[in-house]
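Chain by chain, the residues run as shown.
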Amino acid sequence: MNLNSIKAHNKIEVMIELSRHLLFLMILAIETSCDESAVAIVEQGTKVHSNVIASQIDIHSLTGGVVPEVASREHMKAILPTLREAFKEAKLDWNDITHIAVTKEPGLIGSVLVGRMSAAAFAFAMDKTLIEVNHIHGHIYSNWLDIKDSPQFPILSLTVSGGHNELIWMPKDGVIESLGRSMDDAAGEAFDKTARLLGLGYPGGPAIEKAAQKGNHLAVKFPIPKLEEYNFSFSGLKTAVLYYLQSKQNLLQDKDFIADVAASFQYAVIESLIYQLMKAVKEKKPKEVHLAGGVSANKALRSRIQIELNELSYPPLFRFPVKMSYCTDNAAMIGAAGFQKLKHKLV
Ligand code: KG4
Ligand code: ZN
């Protein structure tokens, strides 16, 4: 769809045609805040026409984690090919795009800048409005992607990823209130560090989840962080794993031992997240509970939340992103959040 295609003969026709076009948003979205160069095209904040992700995992797995300077340079190489691929996959072109959305913050500054400067240049060259989106809002709205129904408010949303842990209260459409966040490391960061200590590689989350399936979660009693209010802390747990492994160096080649430590660590993280989430569910009584961010890919966490919610006399609907690729960093979620920002006139 293209505004140049408006063929109207009088003022009223022009106004009707214009309002129709203004309600129609086809957003080109760009996300480069960490180690994924991502471009997506999203219609009306939900229908994903393309969601292309150029991952740097192979490069960062050599160093066991993201080196910011390396990440920025990789984004510079990947951004244009990823953009072309997004148009190709969607079978659309610039004339179809009404707006450009990009991650503004938080993230690795060099990485964020590649996306923001590219988006600003595209917006200027193609005469499109630029919408700057908070990355965490992107994760929150990943639960709006590719769904048939509309989420019902009030919603309690837990975003758990490598860089952030945030418990969000959405009393009504367009209102986002933070109830609590991580005071130090986010859960994903703890997954990555523990995986490195166990020699399981990067990214740590999927590797720990796989190893944990064969382990006994009660084998090691790691501390379960339970903070005041709705805040989170995982650095103590990370250190507890480090000290424990230092005392068991001779067992680090033993697969059963690794599986038990992975399962016990994952159990401690899940218990901590459940503690804060269920405290908030009981107090706030939301209609829906949402889980988002890279750690929302974890099946043990998902099923544990569902079990806890089922025990309530008023079980809220539980959502997590409909595709695994919407859990970890992606640009479709930035398109979804950009749409909401425009819808609520926050641009
Ligand atoms: O949302 P995300 O892609 O990036 C940030 O915004 O930080 O999250 C990445 C994090 C990594 O720490 C990764 O280990 C974790 O999500 N992760 C998982 C799983 N898949 C990814 N953690 C636990 N279980 C998983 N299956
Ligand atoms: Zn993220």
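Structure first, text after, so check above.
Residues numbered from 1 in each chain as written. Chains lettered and ligands numbered in written order. Predicted model: local features only at pLDDT ≥ 70, side-chain atom pairs only at ≥ 80, totals over all residues. Heavy atoms only, no water.

Student: Could you give an account of the packing of aromatic side chains, with specific residues and numbers?
Tutor: This structure, assessed with the given rule, holds eight aromatic pairs. Aromatic pair Phe318 and Phe320: ring centres 5.5 Å apart, planes at 65 degrees, arrangement edge-to-face. Phe318 sits in the buried class, given a relative accessible area of 11%. (Phe/Tyr/Trp six-rings, centres within 6.5 Å; stacked < 30°, edge-to-face > 60°. Buried < 20%, exposed > 50% of the residue type's maximum accessible area, 1.4 Å probe, protein only.)

Student: Hey, could you go over the coordination of the zinc ion (ligand 2) for me, with residue numbers and the actual values?
Tutor: Taken together, the protein ligands of the zinc ion (ligand 2) are His135 (NE2), His139 (NE2) and Asp329 (OD), with distances of 2.0 to 2.1 Å. Coordination geometry of the zinc ion (ligand 2): the four donor atoms subtend angles of 96 to 139 degrees at the metal centre, consistent with an arrangement described as irregular. Mapped onto the polypeptide sequence, the residues donating to the zinc ion (ligand 2) form the spacing pattern H-x3-H-x189-D. On the criterion of sequence distance, the pair formed by His135 in helix H5 (residues 135-141) and Asp329 in the loop between strand E10 (317-319) and helix H11 (332-343) is long-range, its members being 194 residues apart. (Donors = N, O, S within 2.8 Å, 3.2 Å for Na, K, Ca; no water. Tetrahedral: all angles 85-135°; square planar, octahedral: opposite > 155°, others 65-115°. Helix = DSSP H or I, 4+ residues; strand = E, 2+ residues; numbered from the N terminus.)

Student: Which residues make up the sheet that holds strand E4 (residues 99-105), and what values do they have?
Tutor: With mixed pairing, five strands are arranged side by side in an open sheet as E3-E2-E1-E4-E5. Taken across any chain shown, the strands that pair with only one partner, and hence form the sheet edges, are strand E3 (47-55) and strand E5 (129-134). On average, each strand axis in the sheet is tilted by 20 degrees relative to the strand beside it, whichever way the strands run. Bridge count for strand E1 (residues 26-31) against strand E2 (residues 36-43) is six bridges, and the pairing is antiparallel. By the bridge assignment, Ala29 is partnered in E2 with Ala40. Taken strand by strand, helix H3 (residues 68-90) contacts E1, E2 and E3, and its axis lies near 25 degrees from that of E2. (Pairing = 2+ DSSP bridges. Axes fitted to C-alpha atoms, helices over the stretch in contact; angles between N-to-C directions. Contact = heavy atoms within 4.5 Å.)

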